[in-house]
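# Observations on the model geometry
Read off the chains here:
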Amino acid sequence: MRKLAVSDEILLTIDKPARYIGNEYNMVVKNPKEVDVRFCMCFPDVYEIGMSHLGIQILYDMFNKREDVYCERVYSPWPDMDRAMREHKIPLFALESQDPVKAFDFLGITLQYEMCYTNILQILELSGIPFYATDRSEEDPIVIGGGPCAYNPEPIADFFDIFYIGEGETKYDELLDAYKEMKKNGASRREILEGLAQIEGIYVPQFYEVSYKDDGTIETFKAVNQYAPERIVRQAVTDVTNSSYPEKPLVPLMRVTQDRVVLEIQRGCIRGCRFCQAGMLYRPIRERDVNRLKELADKMLEATGQEEISLSSLSSSDYTDLKELVYYLIDECGSKGVNISLPSLRIDAFALDVMSKVQDIRKSSLTFAPEAGSQRMRNVINKGLTEEVILKGAMDAFRGGWNRVKLYFMLGLPTETEEDIEQIAVLSDRIAREYYTIPKDERNGKVQIVSSTSFFVPKPFTPFQWTRMATPEEFLQKQRFLKGKMKEQLNAKSIKYNWHEVELSALEGLLARGDRKLSKVIMDAYKDGCMFDSWSEYFVYEKWMRALENNHLDINFYTARERSYDEILPWDFIDIKVSKKFLEREYEQAKKAVVTPNCRQNCSGCGAAVFSGTKCGSGR
Amino acid sequence: MIKARIKFEKTGSMKFIGHLDVMRYFQKALKRAKIDVGYSEGFNPHQLMSFASPLGLGLTSCGEYLDLQLKSVTSSEDIVKRLNDVMSEELRVLDFKVLPEDAKTSMSILAACDYKITLRQGYHLWENFRQELDAFLGNDTILFTKKTKKSTKEVDLKQSLYEYKIDYEAEEFSLFMQVTSGSVFNVKPELYLQAFYESKGMEYSPFTFEIHRLEMYADTNAKKGEVNMNGSDKKRVLQPLSEFGETVS
Ligand code: SF4
């Protein structure tokens with residue numbers, strides 16, 4: 001019988017013990033003594049969220065294909081378990097072997113959103129690994145970070161030995177080989193870090209020094225170790241069809257957030273929405289061959305027995321062979337009792353046909369993400385969706401029997417005026433009006449419109465990386481204004497307006513474009529009890545504000561400040577192969593509300609073509 | 001559709017998996033094993049299955065039952081093997097039987113369960129524990145105050161204690177019990193231990209003992225909704241749930 005790290009008494013007193021026992025179907029079992037490298041992969045949030053993440057499944061599978069590596073997993077213990085572990089002095093353990101994380105060669109932490117930063121400190125503390133990379137000894141694992149937030153690693157730079165900048169499939173083999181070799185030769189921790197720093201895409205923060213001007217902006221950012229390159233270049237897969245993909249994904253024992261097989265149909269996006277970080281970070285579009293996808297779908301469903309398959313990409317509708325793939329899945333899955341979920345589909349005739357086949361029209365809703373209410377604003381953010389297209393899509397759907405619509409918008413976009421905000425209410429209402437143009441006996445009861453707004457948070461490596469973010473007060477004012485406008489609409493009763501928490505967005509804005517000075521703030525907030533900040537029941541804004549104040553830092557310096565093009569941004573040393581010139585040009589076009597054509601219409605020469613197989617933008 | 005019954009065991013770390021999660025595990029395992037399961041109609045078709053009785057979190061068992069409907073069957077042996085090939089070592093299928101067309105679900109006919117109760121590692125009992133417990137369970141009545149959120153109710157647990165045996169030979173404590181179960185009346189085995197501790201004026205810690213379910217029975221002499229507890233006029237005729245169908249070869 002497997003021996004668990006935690007006693008029955010504890011597991012039966014805490015909530016959802018299945019989070020901590022491993023043993024999922026398709027879990028990889030190896031003898032840790034028979035491998036050269038032990039890698040513990042961490043998603044710093046609760047099990048149900050972490051287990052739903054595709055990236056970890058890809059790397060878990062890829063690492064474990066190597067005989068000399070055993071990759072295991074760990075997630076953030078929920079506060080009840082956290083308490084029990086501290087009380088009983090149980091060190092954080094990996095799910096597979098149930099061995100302490102501290103015994104591993106690597107602790108790899110995926111950084112999917114800023115609000116998980118305090119959870120990183122929890123992971124380190126429970127593992128017994130010193131918080132600061134420079135305090136770690138030969139006994140400690142090498143702590144490596146990756147994922148979208150690694151593109152501005154500076155706020156958490158002090159806590160990591162290494163950041164991996166780019167897509168995991170590209171350089172990890174080289175990294176693991178190099179590590180194995182150095183370990184065999186008895187290299188010291190420092191020698192290992194120097195060795196790894198020479199691999200493309202690897203950033204070792206302690207080999208760099210930052211100095212600041214009096215106004216708080218960066219004066220210089222310099223490599224201070226001879227092996228550390230001045231610039232870190234993003235690594236990306238060119239041929240996604242033949243890159244590693246898990247054919248036997250893990251099947252959790254308990255219900256998780258995304259309880260399904262995930263098929264990543266393509267990486268990158270042709271659209272170039274100016275607010276979207278993923279759209280820039282994962283350029284260019286790279287499509288996975290449709291035959292490979294069919295094969296993967298069959299294999300994954302067979303190996304997991306999952307009852308649902310979901311297509312994953314930033315904009316599924318742009319996938320060239322989407323029809324072929326989707327109709328194949330409908331034929332294959334339908335007969336086997338498997339549901340298909342198709343997020344990020346643009347509403348058109350094809351989408352409506354597919355939706356009517358895979359879901360119950362009466363229970364499902366249409367989703368549009370215009371992101372902004374007015375056409376001017378949509379031009380600013382380069383969202384190619386027009387009101388005409390939205391209304392036509394909605395109308396076709398209404399005629400097909402749908403009567404529920406979800407709309408997603410952002411508040412606080414650059415150059416936004418009250419007029420633009422009002423248009424959010426007007427557009428919501430216009431959709432409802434369209435519905436009621438259908439004769440009563442042909443429509444399906446009342447229309448229900450749910451309009452949601454989130455607050456715009458500028459992100460690094462987007463054309464809006466220089467822009468001023470609104471303050472919480474401004475956001476709230478915009479929200480109140482919109483609420484009032486919603487009430488004025490003819491169909492106000494049919495429109496439900498949802499909004500986000502402003503404080504969470506403010507903090508996200510702080511951390512997203514933060515610098516190294518923020519590491520102390522994160523530490524102080526954690527010491528003050530902050531953890532699971534992305535969970536509203538645990539998020540305490542006041543503690544963060546106190547931590548900022550104690551460190552004499554002003555949140556508005558990071559959020560509500562327009563940067564100039566010549567300012568050194570904290571993430572400037574990273575080269576994502578989308579040129580800064582292109583981003584600058586895009587910001588200028590945005591200010592003029594001029595649209596840039598998408599990659600298939602016309603290449604704008606952003607620079608990402610270096611990762612493209614043939615003709616960039618085609619996806620092939 | 002063909003009605004069928006699976007008997008399975010749940011051991012080791014799987015004891016931390018809740019009842020609904022076991023159901024989901026089977027749904028996926030049946031798919032992996034390519035068993036020809038029957039589905040409900042509609043946009044979200046689900047497999048037609050039901051369990052005899054949910055096993056509490058923390059308990060292990062070698063006598064769990066799952067009823068399901070199939071469109072076709074190969075052989076019992078083949079189905080057991082195919083399932084076990086795609087299931088955890090700690091969740092094993094023991095038996096597969098096809099039920100008569102008019103068979104009632106195991107949930108509706110369940111009447112009694114066997115349990116084995118042992119001492120959890122690291123815990124200790126006082127010297128004459130076995131004798132004292134034996135004497136307590138031998139009393140004519142075992143009164144116990146059941147406390148729920150709304151009310152407190154005094155019940156006599158003796159009525160639903162069909163059999164028990166304490167093993168005096170074994171080095172470690174081991175108690176066998178057969179108690180009333182099912183949708184009409186259901187008792188948990190730990191109630192007897194709790195009652196015993198309370199009779200001594202001591203506090204019962206739920207972690208002292210490990211509980212393992214051994215078998216489930218139907219009472220073939222009971223009508224629908226009827227429970228023949230100790231003292232009732234009718235005689236109980238208990239038959240394990242696995243004995244209601246046929247092995248297919
Ligand atoms: S190089 Fe051109 S086609 Fe390729 S991603 Fe950049 S803008 Fe798009």
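Residues numbered from 1 in each chain as written. Chains lettered and ligands numbered in written order. Predicted model: local features only at pLDDT ≥ 70, side-chain atom pairs only at ≥ 80, totals over all residues. Heavy atoms only, no water.

Residues and elements named next belong to chain A. Scanning all chains against the criterion turns up eight cavities of 30 Å³ or more. Of the voids in this model, the largest cavity is the one considered here, and its volume is about 170 Å³. Along the wall of the largest cavity there are 18 residues; nearest its centre are Q57, P249, R260, V261 and V262. Contributing elements (two or more residues each) for the lining of the largest cavity: α3 (54-65), β10 (261-264) and α9 (290-304). Along the lines of polarity and charge, the residues of the lining of the largest cavity split into ten nonpolar, six polar and two charged. The residue makeup of the lining of the largest cavity includes at least three contributed by each of domain 1 (8-233) and domain 2 (260-359 + 577-620). (1 Å grid on protein atoms, 1.4 Å probe; cavity = no way out; pocket = protein on both sides within 12 Å on 5 of 7 lines; lining within 4 Å. Points joined across faces, edges and corners; volume = space filled by probe spheres on them. Helix = DSSP H or I, 4+ residues; strand = E, 2+ residues; numbered from the N terminus. Nonpolar A, V, L, I, M, F, W, Y, C, P; charged D, E, K, R; others polar. Domains from an automatic or database assignment.)

We describe a pair of aromatic rings using the distance from one ring centre to the other and the angle between the two ring planes. Taken as a whole, this structure holds 50 aromatic pairs over all chains when the rule is applied. Note on F39 of chain A and Y172 of chain A: the rings are 5.9 Å apart at their centroids and 90° apart in plane angle, and the pair reads as edge-to-face. Of this pair, F39 of chain A sits in strand β1 (residues 37-43) while Y172 of chain A sits in helix α6 (residues 168-184); the two residues are 133 residues apart in sequence, bridging distant segments of the chain. One exposure class covers both F39 of chain A and Y172 of chain A, and it is buried. When the ring centre of F557 of chain A is taken as reference, the NZ or CZ atom of R561 of chain A above it lies at 4.2 Å. Over the aromatic face of Y25 of chain A sits the side chain of R32 of chain B, whose NZ or CZ is 3.5 Å from the ring centroid. (Phe/Tyr/Trp six-rings, centres within 6.5 Å; stacked < 30°, edge-to-face > 60°. Buried < 20%, exposed > 50% of the residue type's maximum accessible area, 1.4 Å probe, protein only. Lys NZ or Arg CZ within 6 Å of the ring centre and 35° of its normal.)

Before going further, it helps to examine the site of the ligand. Neighbouring the ligand are the residues R283, P284, C599, C603, S604, G605, C606, A609, C616 and G617 of chain A. Class assignment of the residues belonging to the shell around the ligand gives a composition of six nonpolar, three polar and one charged. (Near = heavy atom within 4 Å.)

In this section: the domain arrangement of chain A. Residue and element names in this part refer to chain A. With domains assigned, chain A is organised as domain 1 (8-233) and domain 2 (260-359 + 577-620). One C-alpha centre belongs to domain 1, the other to domain 2; they are set 29 Å apart. Each partner contributes residues to the interface: domain 1 has nine residues there, and domain 2 has eleven residues. Summing both partners gives a buried area of about 820 Å² for domain 1 against domain 2, and 52% of it is carried by carbon and sulfur. (Contact = heavy atoms within 4.5 Å. Buried area = accessible area lost by both parts, 1.4 Å probe.)

Attention now goes to the pattern of salt bridges. All names here are of chain A. One pass over the structure, following the stated rule, counts 72 salt bridges over all chains. The shortest N-O distance in the salt bridge between R66 and D177 comes to 2.6 Å. Of this pair, R66 sits in the loop between α3 and β2 (69-75) while D177 sits in helix α6, and the two are 111 residues apart along the sequence. Owing to a relative accessible area of 13%, R66 belongs among the buried residues under this scheme. Looking at D177, the relative accessible area reads 41%, which means it is partly exposed. In this structure, R468 and E474 form a salt bridge, with 3.0 Å as the shortest nitrogen-oxygen distance. On the basis of relative accessibility, which here comes to 28%, the residue E474 falls in the partly exposed class. Salt bridges linked by common partners bring D36, R66, D68, D173, D177 and K180 together as one network. (Salt bridge = Lys/Arg side-chain N within 4 Å of Asp/Glu carboxyl O.)

What follows covers the pairing of strand β7 (residues 152-156) of chain B. Residues and elements named next belong to chain B. Looking at chain direction, strand β6 (residues 143-147) and β7 are connected through five bridges and run antiparallel. Its bridge partner being in β7, K147 is matched across the sheet by T152. Hairpin connection between β6 and β7: a loop of four residues separates the two successive antiparallel strands. (Pairing = 2+ DSSP bridges.)

Residue and element names in this part refer to chain A. Pairing within the open sheet is parallel, and its three strands lie in the order β10-β13-β14. Both outer strands of the open sheet, β10 and β14 (339-341), are each paired with one neighbouring strand and no more. Averaged over neighbouring strand pairs, the angle between their axes works out to 25° when direction is ignored. Bridging between strand β13 (residues 308-312) and β14 involves three bridges; their strand directions are parallel. Within β14, the position partnered with E308 by the bridge is N339. Its contacts with the sheet place helix α10 (residues 322-334) against β13 and β14, and it is angled at close to 170° to β13. (Axes fitted to C-alpha atoms, helices over the stretch in contact; angles between N-to-C directions.)

Right, let's talk about the interface of chain B and chain A for a bit. On the side of chain A, 33 residues touch chain B, which itself brings 30 residues to the contact. Counting each side, the surface lost to burial between chain B and chain A is near 2600 Å², with a carbon and sulfur contribution of 57%. At the boundary of chain B and chain A, one finds six salt bridges. A salt bridge links K15 of chain B to D8 of chain A; the nearest nitrogen and oxygen atoms lie 2.8 Å apart. Taken together, chain B and chain A are joined by twelve residue pairs in polar contact (both at pLDDT 80 or more). Sort the elements by how many residues they give to the side of chain B that touches chain A and helix α1 (residues 19-32) of chain B lands first, with seven residues. Counted by class, the side of chain B that touches chain A contains twelve nonpolar, seven polar and eleven charged residues. (Polar contact = N/O pair within 3.5 Å; in protein donor to acceptor, adjacent residues only side chain to side chain.)

So, about the state of the cysteines. All names here are of chain A. Overall, the coordinates contain zero disulfides over all chains when judged by the stated rule. C273 takes part in no disulfide bond, and the closest cysteine sulfur to it belongs to C276, at a distance of 6.2 Å. Classification of C273 by relative accessible area gives buried; the value is 13%. In this structure C530 is not part of a disulfide, and its nearest cysteine sulfur, from C116, lies 14 Å away. (Disulfide = S-S within 2.5 Å.)

This part covers helix α17 (residues 518-527) of chain A. Residue and element names in this part refer to chain A. Within α17, seven of the ten residues are buried, which leaves it mostly tucked inside the rest of the structure. Regarding α17, the residues found buried are L518, S519, V521, I522, M523, A525 and Y526. Residues of α17 that are buried in the fold lie against α4 (79-87), α5 (117-127), α16 (502-512), α18 (541-550) and α19 (555-558).

Residues and elements named next belong to chain A. Pairing is mixed in the open sheet, where six strands are placed in the order β2-β1-β3-β4-β5-β6. In this open sheet, the two strands that pair with only one neighbour each are β2 and β6 (202-203). With five bridges joining them, strand β3 (residues 106-110) and strand β4 (residues 142-146) adopt parallel strand pairing. The partner of L107 across the bridge, within β4, is V143. Lying over the sheet, α3 contacts β1, β2 and β3, oriented at roughly 155° with respect to β2.

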